[in-house]
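# Observations on the three-dimensional arrangement
Read off the chains here:
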Amino acid sequence: MQTALAQDLHTKQDVKPIWDGVLNVLREEISDVSFLTWFKPIEPVSLSADTLTLSVTSGVHKNMIMTKYYSLIESTLTGATGKNYQIEVISVEDDAPVAEQSVPATIGKVFNPKYTFENFVVGNNNSLAHAAGVAVSENIGSLYNPLFLYGGSGLGKTHLLHAVANNAQNLNPDLKIMYVTTEKFTNDYVNSILSQKNNKKSIQDFHDKYRNVDLFLVDDVQFVGGKDGFQEEFFHTFNAIYENGGQIVLTSDRLPAEIPKLEERLRTRFNMGLLADVQPPDFEMRIAILRNKIQNEYLTVDDEILVYVAENIRSNVRDLEGAVKRMLAYASIRRTNRITQELAEQALKDIMTVTKKKLTTASIIDEVEKYYSLPKGSLVSQRRPKSVSYPRQVAMYLCREVADMKLPDIGRDFGGRNHTTVMHAVNKISEDMKTQADVEKDVAELTENVTKN
């Protein structure tokens with residue numbers, strides 16, 4: 001037989017007293033800190049025939065309720081009412097309009113307030129770009145102008161672009177900031193041309209919009225190549241902002257010299273500031289990124305799981321973030337706040353890289369010795385001429401970055417060398433690859449040789 005409280009569940013206006021009753025029970029079941037942190041801020045929204053809807057203030061709060069406390073709320077509600085109900089949790093962040101997250105002086109496309117320097121994971125692969133971004137945001141128009149960030153897709157260039165805008169705006173709320181993609185700039189320019197016949201001010205409006213800014217941020221500038229009329233307009237916009245003391249920050253998936261059909265005058269201007277590359281994260285960096293993303297969600301995960309994901313997803317930061325989101329989704333479905341090996345494998349089975357043949361130190365050494373035409377056993381000997389020492393460093397790099405072997409194990413297999421020797425070799429090859437095309441070519445070909453089935 002249902003209680004009077006259960007009969008009230010079908011009327012939404014009675015949700016608050018019902019939720020207050022649930023809270024009174026929960027207060028006795030959990031610590032005061034947990035209650036004040038996770039339950040006191042919850043606002044009950046509605047109660048239908050089969051669902052209790054609750055509102056929280058953030059995605060983190062929502063995830064905590066769904067993964068750790070869902071079952072407790074569900075059972076408490078059932079005990080109080082004598083009936084089973086689903087719990088729906090909505091976040092204020094989920095429905096907040098983008099415009100409300102922007103800052104008053106911002107014009108153009110709104111930059112994302114969640115992308116900051118504080119939550120950008122810094123490593124050897126992006127330290128210069130990060131430091132330059134911070135410096136530019138603190139010294140508008142006086143350092144590294146333009147700042148040109150380049151690197152592959154999904155490595156964090158856009159994050160840095162938004163971080164520059166956010167930090168600059170925090171330091172000076174009166175700044176006029178324009179953040180735009182090349183596609184958006186192109187479309188606005190084309191529309192101004194098309195409407196010129198009916199509105200003589202259209203071009204002037206376009207110029208006023210884009211040229212009277214203090215900070216001009218352009219994403220994916222590589223798409224300017226080959227668009228003659230557009231390049232003309234972009235050139236004059238660039239000059240106007242620069243000559244007025246404004247700061248320009250650009251991102252691209254390649255160096256200015258590699259952008260096809262880019263006019264020389266634009267190439268020259270892109271090169272006259274600072275070029276800072278963003279490289280794919282190494283193994284340690286991937287671990288740090290994963291740990292940062294998962295800890296922010298208040299989930300528990302063993303280091304072995306992080307290693308498992310980092311070993312299998314090597315391409316870019318965006319893919320790592322996607323992996324975390326998939327694991328969070330599975331954790332939410334299973335109503336757990338712990339990511340196990342089984343859960344990780346289940347969540348990521350569709351996006352993991354194809355398993356390669358088992359790599360060993362011996363197989364890598366064999367390939368490197370053949371590649372450099374060295375006698376068998378040369379790389380594990382104590383000989384130190386450059387004809388042997390450099391290929392040895394390349395082999396150590398492959399063992400670490402391609403096979404993800406541990407430093408002490410690599411040193412042991414290379415004639416009992418210290419792990420610091422291995423670390424030095426890995427760092428040296430990493431740096432040489434950035435500046436020496438022949439080294440980059442050798443490592444790419446050897447990587448293919450040692451991993452092919």
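Remember, predicted model here, so these are calculated numbers, not experimental data.

### Some details on the packing of aromatic side chains
Evaluation of the coordinates by the stated rule reveals 15 aromatic pairs. Aromatic pair Phe 230 and Phe 234: ring centres 5.8 Å apart, planes at 40°, arrangement tilted. Separated by 4 residues within a single helix, Phe 230 and Phe 234 lie in helix α11 (residues 228–243), roughly one turn from each other. For the pair Phe 230 and Phe 234, a shared accessibility class is recorded, and that class is buried. Geometrically, the ring pair formed by Tyr 371 and Tyr 372 is edge-to-face, given 5.1 Å between the ring centres and 80° between the ring planes. Cation over ring: Arg 265 sits above Phe 235, and NZ or CZ is 4.2 Å from the ring centre.

### A closer look at the environment of Pro 256
As for its placement among the helices and strands, Pro 256 is situated in the loop between β8 (247–252) and α12 (264–271). Sequence-wise, Pro 256 and Leu 266 are 10 residues apart; in three dimensions their C-alpha atoms are separated by 8.6 Å. Apart from the residues within four sequence positions on either side, Pro 256 is in contact with Phe 148, Leu 262, Arg 267, Phe 270, Asn 271 and Leu 275.

### With respect to the environment of Asp 409
Mapping Asp 409 onto the fold places it in helix α19 (residues 407–413). Given a relative accessible area of 31%, Asp 409 falls into the partly exposed group.

### Focus: the confidence of the model for the protein chain
The pLDDT averaged across the protein chain works out to 81; a share of 88% of its residues lies at or above 70. Of all helices and strands in the protein chain, the one with the weakest mean pLDDT is helix α6 (residues 98–101) (36), whereas β8 scores best (95). Residue range residues 1–13 is modelled with pLDDT below 50. Its contacts to residues more than four positions away, or to other chains, number 22 contacts. Confidence over residues 95–109 falls short of pLDDT 50; this stretch has 24 contacts with residues more than four positions distant or in other chains.

### Observations concerning the pairing of β8
Counting buried residues along β8, 6 of its 6 residues qualify, which places the element largely inside the surrounding structure. Burial along β8 is two-sided: Gln 247, Val 249 and Thr 251 and Ile 248, Leu 250 and Ser 252, pointing in opposite directions, are all buried. Relative to β8, strand β7 (residues 215–219) runs parallel, the two being bridged by 4 bridges. Residue pairing for β8: Val 218 is matched across the bridge by Leu 250. Following the backbone out of β7, through α11 and into the adjacent parallel β8, one traces a crossover that is right-handed.

### Some remarks on the packing of helix α7 (residues 127–138) against helix α8 (residues 157–171)
Running from N to C, α7 and α8 point in directions that differ by 30°, and their axes come no closer than 8 Å. The orientation of α7 with respect to α8, classified from their angle, is roughly parallel. For the crossing formed where α7 meets α8, the hand is right-handed. The segment α7 lies against α8, with Ala 129, His 130, Gly 133, Val 136, Ser 137 and Glu 138 engaging Leu 160, Val 164, Asn 167, Ala 168 and Leu 171.

### Considerations on α8
Spanning 15 residues, α8 covers 21 Å between terminal C-alpha atoms, matching the ideal 21 Å at 1.5 Å per step. Burial analysis of α8 places 12 of its 15 residues in the buried class, the great majority of the element. Along α8, the positions that sit buried rather than exposed are Lys 157, His 159, Leu 160, Leu 161, His 162, Ala 163, Val 164, Ala 165, Asn 166, Asn 167, Ala 168 and Gln 169.

### Re unusual backbone geometry
Note on backbone geometry: most residues besides glycine have negative phi, and most peptide bonds are trans. Asn 145 connects to Pro 146 through a cis peptide bond whose omega is 5°. In this structure, Pro 146 sits in the loop between α7 and β5 (147–150). Positive phi is not limited to glycine here, since Tyr 144 has a value of about 45°. On the secondary structure map, Tyr 144 appears in the loop between α7 and β5. Tyr 144 gets classed as partly exposed once you look at its relative accessible area, which sits at 37%. Non-glycine residue Asp 220 carries a positive phi angle of around 60°. With respect to the secondary-structure elements, Asp 220 resides in the loop between β7 and α11. Assessed through its relative accessible area of 30%, Asp 220 is described here as partly exposed.

Criteria and thresholds
Residues numbered from 1 in each chain as written. Predicted model: local features only at pLDDT ≥ 70, side-chain atom pairs only at ≥ 80, totals over all residues. Heavy atoms only, no water. Phe/Tyr/Trp six-rings, centres within 6.5 Å; stacked < 30°, edge-to-face > 60°. Helix = DSSP H or I, 4+ residues; strand = E, 2+ residues; numbered from the N terminus. Buried < 20%, exposed > 50% of the residue type's maximum accessible area, 1.4 Å probe, protein only. Lys NZ or Arg CZ within 6 Å of the ring centre and 35° of its normal. Contact = heavy atoms within 4.5 Å. pLDDT = per-residue confidence, 0-100. Pairing = 2+ DSSP bridges. Right-handed = clockwise from strand over helix to strand, strands pointing away. Axes fitted to C-alpha atoms, helices over the stretch in contact; angles between N-to-C directions. Parallel < 35°, antiparallel > 145°, perpendicular 65-115°, else oblique. Left-handed = near helix turned anticlockwise from the far one by under 90°. Expected span 1.5 Å × (residues − 1).

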